[in-house]
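Inside the fold
Chain residues, written in single-letter form:
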Amino acid sequence: MSNEHIACPRCDALYPALPLKEKQIALCSRCGCKISEAKADSINRTIAIAIAGLLMFVPGISMPMVGATLVGQHAEVSLVDCLVMLLQKDFLIVAMGLFLFTIAIPAIRLVTVLYICLAIKRNQVNQTHRQFFRSYHFLDSWAMLHVFFLGVSVALYKLAEYADIALNVGLAMFVGLLLCSIFTHITLDHHYVWETLEQASDA
């Protein structure tokens, strides 16, 4: 998006970048694709969701997610336990991937979007925030909480045939963390953030 025109993400048609009011949506007249949207109270909503996600982050990765009882033996496991077991079994690459994609990157994304939104809310934006926002977009494709959750769901489905499965608080926290990670992307008005950051850099 430039200061004068905006391109349709589907057909590349160019339109004047007119300011939108809250909840207004600009659609491409050629293909009907959404070009831009002025989201309601974007900054405050994103801040609230990011804080909620960070509050659920530690219990989501450290508290037991599921428990299994088989032939009288009961075991519980958390995301951190999975990481430790992989390290003990010398699956270093898998452990590194698990740490990066389900712990490190989601945490960095939440901290980054919270940092940027707080700076915009306080009118304390500078050129550094542009680099942070670029990093947020780069990491957006590498946060794979949903992939891990899908793996856990498949594993639970298979284990349910052989053992008694109990869902623990850690799983609820992890699902909450996953939802917060998704909702921060939905509630954040990316066009508004870029415009604010560009204006600050030009000032």
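Because the structure is a prediction, the values reported are computed rather than measured.

1. Observations regarding a nonpolar patch on the surface
Together, L179, I182, F183 and I186 make up a nonpolar patch on the protein surface, roughly 340 Å² of accessible area in all. On the accessibility criterion, L179 (39% relative accessible area) is partly exposed.

2. What to know about the packing of aromatic side chains
Applying the stated criterion across every chain, the model contains three aromatic pairs. Residues F133 and Y136 carry aromatic rings whose centres are separated by 5.8 Å and whose planes lie at 5 degrees to one another, so their mutual orientation is stacked. Here the residue F133 and the residue Y136 both occupy positions in helix α4 (residues 127–140), the gap between them amounting to three residues, near one helical turn. By the burial criterion, F133 is buried, and Y136 matches it. Measuring from centroid to centroid gives 4.8 Å for F133 and W194, while their planes differ by 65 degrees, and the two rings are edge-to-face. Within this pair, whereas F133 is found in helix α4, its partner W194 is found in helix α7 (residues 190–202), the two being separated by 61 residues in sequence. Accessibility expressed as a relative area gives 1% for F133, which makes it buried. Three or more aromatic residues joined by ring pairs make a cluster, and in this case those are F133, Y136 and W194.

3. Focus on the packing of helix α1 (residues 42–62) against helix α3 (residues 92–121)
With their axes 9 Å apart at the nearest point, α1 and α3 run at an angle of 150 degrees to one another. The angle between α1 and α3 places the two elements in the roughly antiparallel class. α3 is crossed by α1, and the crossing has left-handed handedness. Contacts between α1 and α3 involve I43, N44, T46, I47, A50, I51, G53, L54, F57 and I61 on the former and, on the latter, I103, A107, L110, V111, V113, L114, C117, L118, I120 and K121. The class makeup of the residues in the contact of α1 with α3 is 16 nonpolar, three polar and one charged.

4. Observations concerning the UniProt feature "transmembrane region" (unreviewed entry) in the chain
Per the UniProt record, "transmembrane region" (unreviewed entry) is found at residues 47–71, 91–118, 139–159 and 165–188. Helix makes up 81% of residues 139–159 and strand 0%, with an end-to-end C-alpha separation of 33 Å.

5. Overview of the pairing of strand β4 (residues 34–37)
Across three bridges, the pairing between strand β3 (residues 25–27) and β4 is antiparallel. Across the sheet, L27 pairs through a bridge with K34, a residue of β4. Between the end of β3 and the start of β4, which pair antiparallel, lie six residues, with G32 showing a positive phi angle near 80 degrees.

6. Observations regarding the domain arrangement of the chain
When the domains of the chain are assigned, the result is domain 1 (1–38) and domain 2 (41–202). Relative placement of domain 1 and domain 2: their C-alpha centres are 30 Å apart. Listed as interface residues are eight residues of domain 1 and, on the opposing side, five residues of domain 2. Together, the buried faces of domain 1 and domain 2 total about 440 Å²; carbon and sulfur atoms form 41% of this surface. Connecting domain 1 to domain 2 are zero salt bridges. For the pair domain 1 and domain 2, the number of links is zero residue pairs in polar contact (both at pLDDT 80 or more).

About the cut-offs
Residues numbered from 1 in each chain as written. Predicted model: local features only at pLDDT ≥ 70, side-chain atom pairs only at ≥ 80, totals over all residues. Heavy atoms only, no water. Patch = residues over 30% accessible without salt bridge, like charges linked within 9 Å, V, L, I, M, F, W, Y side chains within 5 Å. Areas by Shrake-Rupley, 256 points an atom, 1.4 Å probe, with all protein chains shown as cover. Salt bridge = Lys/Arg side-chain N within 4 Å of Asp/Glu carboxyl O. Buried < 20%, exposed > 50% of the residue type's maximum accessible area, 1.4 Å probe, protein only. Phe/Tyr/Trp six-rings, centres within 6.5 Å; stacked < 30°, edge-to-face > 60°. Helix = DSSP H or I, 4+ residues; strand = E, 2+ residues; numbered from the N terminus. Axes fitted to C-alpha atoms, helices over the stretch in contact; angles between N-to-C directions. Parallel < 35°, antiparallel > 145°, perpendicular 65-115°, else oblique. Left-handed = near helix turned anticlockwise from the far one by under 90°. Contact = heavy atoms within 4.5 Å. Nonpolar A, V, L, I, M, F, W, Y, C, P; charged D, E, K, R; others polar. UniProt positions renumbered as here; feature names shortened; annotations may be inferred. Pairing = 2+ DSSP bridges. Domains from an automatic or database assignment. Buried area = accessible area lost by both parts, 1.4 Å probe. Polar contact = N/O pair within 3.5 Å; in protein donor to acceptor, adjacent residues only side chain to side chain.

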